[in-house]
Amino acid sequence: MADLLLRGARVIDPFQGLDEVLDVAVSRGRVSEVGKGLSGEGREVLEAEGLVLSPGFLDMHVHLRDPGREDEETLESGLEAAVRGGFTAVCCMPNTDPPLDNAPLVEDLVLRARGLGLADLFPVGCVTRGREGKELAEMGLMFASAARVRAFSDDGDPVVDSGLMRRALQYVRRFGGVIISHPEDVSLSRGGQVNEGRVSFALGLRSIPALAEEVMVARDLLLAEETGARLHLAHLSTAGSVRLLREAKARGVRVTAEATPHHLVLSELDIRDYDPVYKVNPPLRTPEDVKELRRALADGTLDAVATDHAPHSPEEKEREFDYAPFGVVGMESAFPVLYTQLVEKGELGLPVLIERLTLGPARALGLEPPDYGEGVRPGARADLVLLDTVTEWVIDASAFASRGKNCPFHGWKVRGRVVLTIKGGKVVYRAPDYRWSREQGEKVRERT
Ligand SMILES: [Zn+2]
Ligand SMILES: [Zn+2]
């Protein structure tokens, strides 16, 4: 592994509150030097002027379909998609077949991920055995296992039984775990396809009211408050959920929350011609909901962006809207879409977006060094991503590493390209047609 010098990038590191143009040297898997005017002698030099260097991103919510549906995604294709999207760590949800509800299974997954040498894998364990919602899974054993599971969820489904959810929160509180809630009251959402309102009426599709989410958000906030346990709310989509979250945080409830790029960027008005690529759960909501989510992301009410990456086979996804499964892929489009739609439009500062992709999710999960989050400083493990925020390009889902091509951002013109991802000092992704040169740096700088 050759020593590397990344010369002259704007280094944005939320772990140190750093935002400065610096040279960063990488040697033997670690950041060896950070400073100005570092020597390139004996190092491969990448001219990174005009580019942005950040700690590798953390996606706290992805579905990798492995084990069980390797036709839709494998550990390898999923983690390859991660590093192409700038993520050097991901948390995979346990709704696999079999579900991730025991220590040997999560340990096996982590070992296999390590063997690939792409992104770090932090599995999320089941809250209930078999994800059946009947009895608690052995969360303590998964926490203490070599997989070091920190978060638990029955994602894909809510924990319907309030008594069981309360016991789950009491249980993880003892060892410092966190419960991730998939907030959905299925008695209000069952059979629904799109958000309840104008669009469901116009399209004649069965609907899911905002209330289906908000009722469950309210319940879980009450349970978290009463138990004193840590709760994380997944994929919030409505202004009402944000209001409940804001109030709970103000009261001191130990809660964090995420929103997805698709809920932050698309609304129900984007659903065209019954195209199932827009079918997600929770559904795309109103433009007013999107506005409130963006406000909450900017002011820190929302702690993290997570993709809820959900690959599906084309045979299953490209069906009639009513019969298509919910979900979109997201890891390879997340940063460019958010950069173009939020940062370029002046709604969010770039350092804030990077914080919501690094420190924010790390805090929500309770992940700390050396697992994640050493930042860009001498001695830190070199998990880094280099971004070109200037050159325009077009998202092409057919070229994704993910086996899932169900991406609503296919064909979008964007900026914010991942040009290099480094994991443990090793280059795990390099944009194939990217020109590294001083001239490219000049060009980029001129346009900044
Ligand atoms: Zn979910
Ligand atoms: Zn999910």
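Described below are features of the structure shown in this document. Predicted model only: the values in this text are computed from it and were never measured. (Residues numbered from 1 in each chain as written. Chains lettered and ligands numbered in written order. Predicted model: local features only at pLDDT ≥ 70, side-chain atom pairs only at ≥ 80, totals over all residues. Heavy atoms only, no water.)

### A look at the sheet that holds strand 8 (residues 120-121)
Two strands in a sheet stick together by hydrogen bonds in their backbones, pointing the same way (parallel) or opposite ways (antiparallel). One open sheet accounts for three strands, arranged 6-7-8; its pairing is parallel. Sheet topology places strand 6 (57-62) and strand 8 at the edges, where each strand pairs with a single neighbour. Note that strand 6 and strand 7 (residues 87-92) share four bridges and pair parallel. What sits directly across from V62, in strand 7, is C92. Sitting on the sheet, helix 1 (residues 75-84) is in contact with strand 7 and strand 8, with an inclination near 135° to strand 7. (Pairing = 2+ DSSP bridges. Helix = DSSP H or I, 4+ residues; strand = E, 2+ residues; numbered from the N terminus. Contact = heavy atoms within 4.5 Å. Axes fitted to C-alpha atoms, helices over the stretch in contact; angles between N-to-C directions.)

### Points about the coordination of the zinc ion (ligand 1)
The protein atoms that coordinate the zinc ion (ligand 1) are D155 (OD), H182 (ND1) and H235 (NE2), at distances spanning 2.0 to 2.1 Å. Between the donor residues of the zinc ion (ligand 1), the gaps in sequence give the motif D-x26-H-x52-H. The metal-metal distance between the zinc ion (ligand 1) and the zinc ion (ligand 2) is 3.5 Å, with D155 coordinating both. With D155 in the loop between strand 9 (151-152) and helix 4 (162-175) and H182 in the loop between strand 10 (178-181) and helix 5 (186-189), this residue pair connects regions lying 27 residues apart in the sequence. The class for D155 is buried, based on a relative accessible area of 2%. (Donors = N, O, S within 2.8 Å, 3.2 Å for Na, K, Ca; no water. Buried < 20%, exposed > 50% of the residue type's maximum accessible area, 1.4 Å probe, protein only.)

### What about the side chain of D383?
On the secondary structure map, D383 appears in the loop between helix 14 (359-365) and strand 16 (384-388). Take D383: its relative accessible area is 10%, and that puts it in the buried class. Polar side-chain contacts of D383 include one of 2.8 Å to the backbone nitrogen of G424. Apart from the residues lying within four places of it in its own chain, the contact partners of D383 are S54, P55, G56, T88, D120, I422, K423 and G424. (Polar contact = N/O pair within 3.5 Å; in protein donor to acceptor, adjacent residues only side chain to side chain.)

### Focus on the sheet that holds strand 15 (residues 304-305)
Strand order across the open sheet formed by five strands is 9-10-13-14-15, with parallel pairing between neighbours. Edge positions in the sheet fall to strand 9 and strand 15, since each of these pairs with one other strand and no more. Pairing analysis gives two bridges linking strand 14 (residues 255-259) to strand 15, with the strands arranged parallel. Each residue of the ladder has a partner; that of E258, found in strand 15, is A304. Helix-sheet contacts for helix 7 (residues 210-227) involve strand 10, strand 13 (230-233) and strand 14, and the interaxial angle to strand 13 is about 165°.

### A look at the pairing of strand 3 (residues 30-35)
Bridging between strand 2 (residues 18-27) and strand 3 involves five bridges; their strand directions are antiparallel. Each residue of the ladder has a partner; that of A25, found in strand 3, is E33. Linking two consecutive strands that pair antiparallel, namely strand 2 and strand 3, is a turn of two residues; a positive phi of about 50° is found at R28 within it.

### Things to note about the coordination of the zinc ion (ligand 2)
Six octahedral donors around a metal ideally make angles of 90 or 180 degrees; four tetrahedral donors ideally make 109.5 degrees. Coordination of the zinc ion (ligand 2) by the protein comes from H61 (NE2), H63 (NE2), D155 (OD) and D308 (OD), over a distance range of 2.1 to 2.3 Å. Because the angles between the four donor atoms bound to the zinc ion (ligand 2) fall within 82 to 169°, the donor set is best described as irregular. When the donors of the zinc ion (ligand 2) are listed by position in the chain, the intervening gaps give H-x1-H-x91-D-x152-D. (Tetrahedral: all angles 85-135°; square planar, octahedral: opposite > 155°, others 65-115°.)

### A word on unusual backbone geometry
Most peptide bonds adopt trans geometry, and most residues besides glycine take a negative phi value. Omega for the peptide link from D66 to P67 comes to 10°, which places this bond in the cis form. Along the chain, P67 turns up in the loop between strand 6 and helix 1. In this structure, the amide linkage connecting P369 to the following residue, P370, adopts the cis form with an omega of 5°. Locating P370 in the fold gives a position in the loop between helix 14 and strand 16. At R28, a residue that is not glycine, the phi angle is positive and equals roughly 50°. You can see R28 is positioned in the loop between strand 2 and strand 3. Look at R28 and you get exposed, because its relative accessible area is 77%. Although it is not a glycine, D273 adopts a positive phi angle of roughly 50°. By the element assignment, D273 lies in the loop between helix 9 (261-265) and helix 10 (287-299).

### With respect to helix 2 (residues 103-116)
Relative to the 20 Å expected for 14 residues at 1.5 Å per residue, helix 2 spans 20 Å between its end C-alpha atoms, a close match to the ideal helical length. Three or more residues of helix 2 are buried, namely A103, L105, V106, L109, V110 and A113. Of the surrounding secondary structure, the elements contacted by the buried residues of helix 2 are helix 1, strand 7, strand 8 and helix 3 (139-144). Residue N102 occupies the N-cap position of helix 2, its side-chain oxygen lying 3.1 Å from the main-chain nitrogen of L105. Once helix 2 finishes, G117 follows within two positions and takes phi at roughly 65°, a positive value. (Expected span 1.5 Å × (residues − 1).)

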